[in-house]
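Close look at the chain arrangement
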Amino acid sequence: MKKLLLLLASLTLATPAPAQTVRIGELNSYKVFPAFLDPYRKGMALAVEEINAAGGAAGRKLELVTRDDGGTPGSAVRVAEELISREKVDLLMGTFASNVGLAVANLAAQRKILFLASEPLTDKLVWQDGNRYTFRLRPSTYMQVAMLVPAAAKLKKKRWAIVYPNYEYGQSATESFKKLLAAAQPGVEFVAEQAPPLGKIDAGAVVQAIADAKPDAIFSSLFATDLQKFVREGTTRGLFRARPVFNLLAGEPEYLDPLKNETPEGWWVTGYPWRQIDTPQHRKFRDAYMQRWKDYPRQGSVVGYAAVYAAAEAVRKAGSADTEKLVDALEGLPMQTPFGPIVWRAIDHQSTMGAYVGQLAKNDGQGFMVNWHYADGADYQPPDAVVRALRKER
Amino acid sequence: MSGAAVLLQFLNGLAGASSLFLVAAGLSLIFGVTRIVNFAHGSLYMLGMYFAVWLAERIGFWPAVPAATLGVAGAGVLIEAMLLRRLYRAPELLQLLATFAVVLIVRDLALWAWGPVDMLGPRAPGFAGAATIIGRPFPQYDLLLIGMAPLVLALLHFFLARTRWGVLIRAAAEDREMAGALGVNQRWLFTAVFALGAALAGFGGALAIPREPASLGVDLALVADAFVVVVVGGLGSIPGAFLAALAIGEVKAFCTGLGYSKLTLVVEFIVMAVVLVLRPQGLLGRPEPAPRVAALQSAPLLAPLSRPARVALALLAALLLAAPLVGDEYTVVLLTDLLVFAVFAASLHLLMGPGGMASFGHAAYFGLGAYGAGIVLLRFGAPMALALAIAPLAAGLGAALFGWFCVRLSGVYLAMLTLAFAQIAWSVAFQWDELTGGSNGLIGVWPPAWLATKTAYYYLVLTLGITAIGLLWRAIYSPFGYALRASRDSALRAEALGINVRMQQWAAFTAAGCFAGVAGGLFAFSKGSISPDVLSVPRSVDALVMVLLGGVQTLTGPLWGAALFTWLSDVASRSIDYWRAAIGGVILLLVLAFPQGIAGSLRRWRPSP
């Protein structure tokens, strides 16, 4: 009986899409990573409003259909199916965790629909498991590591300790760092490696173990609560005294702001110094965002904003929302973002959006970035031959 | 490691053990008296953290600790008085479902009240810096924490041994009925115990904020650890919890110190598995007293389906057959999920209903089936038919192995051992990159072209699903099923009749695993990819919720539970912002309205023949 009712309910809920709009089906783990995805959602909404106020893309307005993907590949695939078959969206967008992103990417290839992966960082999304229908906006784990390596190599520190969350992101960050640093600085030694479980770092023990190895410098890819615990414990125990630390992502407001008074000064990080970036395109974005939301933008805001613009640009260039035409349009497409111009690389569907590399400082109980520069994603890619070999598809 | 390094890691272990003990002590106390498996204990701890961070900004850290402790105790009283008190007469484990709903609600409440950003608390004034121990800095606050656990242990011991309340609590823990018969007001006793347990959780949370930020994910992560400590120590034994916390804290610290940090992912579950296999009642626990004959309540006999019920089910099957003709493509996708989870829930039901063995780790077999199918398909190029045949085999083998140990235990110990094994299986899938794809999982598990359409695959799932459920039901009414139920209701009498009780239970465990594997294999091919979350704790909890929601002691209940829960998650997550809380609210309403589960309560309303 329940199933019959359900069937009836689902029938009445099915609403056909109006033909004139471009429907973007967006799915993300809003309840699992709310700190990152709340600003992301606001960035998207702002972009849609702006684009529609300016007349839309190729004469068609954009329409955003957002869904919570539940945070697991299984439910994300079901949600994506719903967006494709019931909501009749023209393209898919979103996802946060790597395993969810990879699952939806694979579904997109199966169902032949464009998937703009905005957040996931895993290298595999565009390389080993890349496919014709999947494009990724954010700089990958590899790219962000590559952005930090020049500064790390310049310090000429011999003994390095590494700490990373024990899952694919941390593992591949560590692997890339070791490979790239060893190439840039022959003779470097990696004297300790700590891989605490994600979200459950035993910070005291980890800090102690690293200190016991007596490294000259530390590379970390911790973030969120693990980062906060590591910073506090390491500061108390003097681990960072006279020891340079490199930490992926720690300059993003999402992860930097909670540190407040504890912000470890001098750390090298990738991030987003939103207060200080003064290019015209960023100023325009920041002003619009702050006016619309009465809040400052985070890294997620930029990602959501740029992802919607990417969809609009693709539709504009393709002149339609036909999947194959959209894919062809996106390959090699140049566009503007708050971070500056980017290109969607034809070779692996990775955008050249970069990140800001700099050092942490604090003032008045608030962390921020100093000595920063913009690292253009185009400059931190492996050689094309390597990418082609990784992408089995071609 | 040098001598100094060993000593400092030892101290690190003590500090970790101390915070573990505070939470575990409350959980143990609550279980000891009320027999409630309190899933929401981690949520109370989380509330303690949020209260404390929020208050510390206003009144300072030290006053914030007792204030937060009191606040959480108040929340505990609220939960006990408004919810749990109504459920003491309901079948065991139903309170578990209720506390699970509380977890969902509290997490969304915290999100609503304090926002999504982690809140790092202040350092403790007076204990902000580091002391020097053998020339190395060690946080002063950790030294304070190290002293706190023995202090709380001593206070609790004094309270339980020397005060009247303590005597009453111990009496109730020893023998609830007898204490009641002697005139102890159980109502107030239970409320008081729950408040005390909640206060300990809140105290632990408040004391944790100088070391870790208040964040939303902490509830479930913590409650699993706390359960491990309680079970390793022996349910209801506070000194046992203290010992267990020490052991686990030290093992973790030294895994990290010796460079085996990857092991910390599961090491506490390995410890628990070893302890339970060697000492089934935990370190200091006592074996459960045999239930008094008068109190022995056998579950209602599972009657075979009546004629109208059979007709109704046949009609439902016909409807399901016709569904793709009437519904749109997504209806078919959703129905596929419903069917897969119905098989999953039905397989757990064999274990929990007729078998009388609750499992907190049934997802292990779902996941083994999914991974088994995915691995032979992707790594060995096997066709789908073979992969689907491997799924129950892989799951069944796993269940036979784990079950051999599990059936030697009973009650919550058994459930926790299943959880330990599930976590171990999960960590293997999570870390064995070459075979399982690590945390990203296996990608590209699709059916062949002729089954590629959603409708074709749906019919495959429908056929296999109905067959699997039919076989499970057949098993319940076979001689095996009757022997299994006899073993559940009275192991002694069953033994006397010549039934090998353990053998029956082991067979049931293995069979339940096999069918969960069928569901897992079908799930993998319907999604195209699988990752370690298929055998994670939340997936196991989902299965429990489905069975309890539908009604353990009914035949069709688990199917309704699976359908309702899956459908509810789908609809709620699509249309409501705070959808976790919405699901929690619905579950609470259902639990209060239908304490026997949906199908169980409906059956009650029907006039008996």
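Before reading on, note that the structure itself is shown above.
Values in this document were obtained by computation on a predicted structure and should not be read as measured data. (Residues numbered from 1 in each chain as written. Chains lettered and ligands numbered in written order. Predicted model: local features only at pLDDT ≥ 70, side-chain atom pairs only at ≥ 80, totals over all residues.)

**Regarding the interface of chain B and chain A**
Which entries qualify depends on this criterion: By definition, residue pairs are in contact when their C-beta atoms, positioned from the backbone, come within 7 Å. Residue classes follow a fixed rule: Ala, Val, Leu, Ile, Met, Phe, Trp, Tyr, Cys and Pro count as nonpolar, while Asp, Glu, Lys and Arg count as charged, and any other residue, Gly among them, counts as polar.
Taken together, the contact pairs 68 residues of chain B with 62 residues of chain A. Looking at the side of chain B that touches chain A, its residues break down into 34 nonpolar, 21 polar and 13 charged.

**With respect to the pairing of strand 3 (residues 91-94) of chain A**
Residues and elements named next belong to chain A. Cut-off, in case you're wondering: Each pair of strands is called paired provided DSSP finds at least two bridges between the two strands. Under the scheme used here, helices are H or I runs from DSSP no shorter than 4 residues and strands are E runs no shorter than 2 residues, and both carry numbers assigned from the N terminus.
The sheet contact formed by strand 1 (residues 22-28) and strand 3 spans 4 bridges and is parallel. Each residue of the ladder has a partner; that of G25, found in strand 3, is L92. Relative to strand 4 (residues 114-117), strand 3 runs parallel, the two being bridged by 4 bridges. In the sheet register, L91 faces strand 4, and the bridge partner there is L114.

**What to know about the nonpolar core**
In a soluble, globular protein the nonpolar side chains are often hidden away together inside. Condition: When buried Ala, Val, Leu, Ile, Met, Phe, Trp, Tyr and Cys residues are joined through C-beta atoms within 7 Å, the set is termed a nonpolar core. Buried, partly exposed and exposed are defined by the number of other C-beta atoms within 10 Å of a residue's own C-beta, namely 20 or more, between the two limits, and 12 or fewer respectively, with C-beta atoms placed from the backbone.
Among the nonpolar cores identified, the biggest contains 358 residues, and A:L92 and B:M416 are the most heavily contacted of them. For B:M416, the contacting residues outside a window of four places in its chain are B:F227, B:V231, B:M272, B:L276 and B:F360.

**Notes on the sheet that holds strand 5 (residues 134-136) of chain A**
All names here are of chain A. For clarity, the cut-off: To obtain an axis, a line is fitted to C-alpha atoms, over the contacting stretch when the element is a helix, and the angle between two such axes runs from 0 to 180 degrees between their N-to-C directions.
Here we have 5 strands laid out as an open sheet, ordered 2-1-3-4-5, and parallel in their pairing. Here the strands that pair on one side only, and so sit at the sheet edges, are strand 2 (62-68) and strand 5. Going from strand to strand, the sheet's axes swing by 25° on average, the running direction of each strand aside. Strand direction decides the pairing type here: strand 1 and strand 2, joined by 7 bridges, are parallel. Within the sheet, the bridge partner assigned to G25 lies in strand 2 and is V65. Against the sheet, helix 4 (residues 98-111) engages strand 3, strand 4 and strand 5, with an angle of about 160° to strand 4.

**Section: unusual backbone geometry**
All names here are of chain A. A positive phi angle, near 55°, is found at A224, a position not held by glycine. Along the chain, A224 falls in helix 8 (residues 224-236). Residue A224 is classed as buried on the basis of its C-beta count, with 21 C-beta atoms lying within 10 Å.

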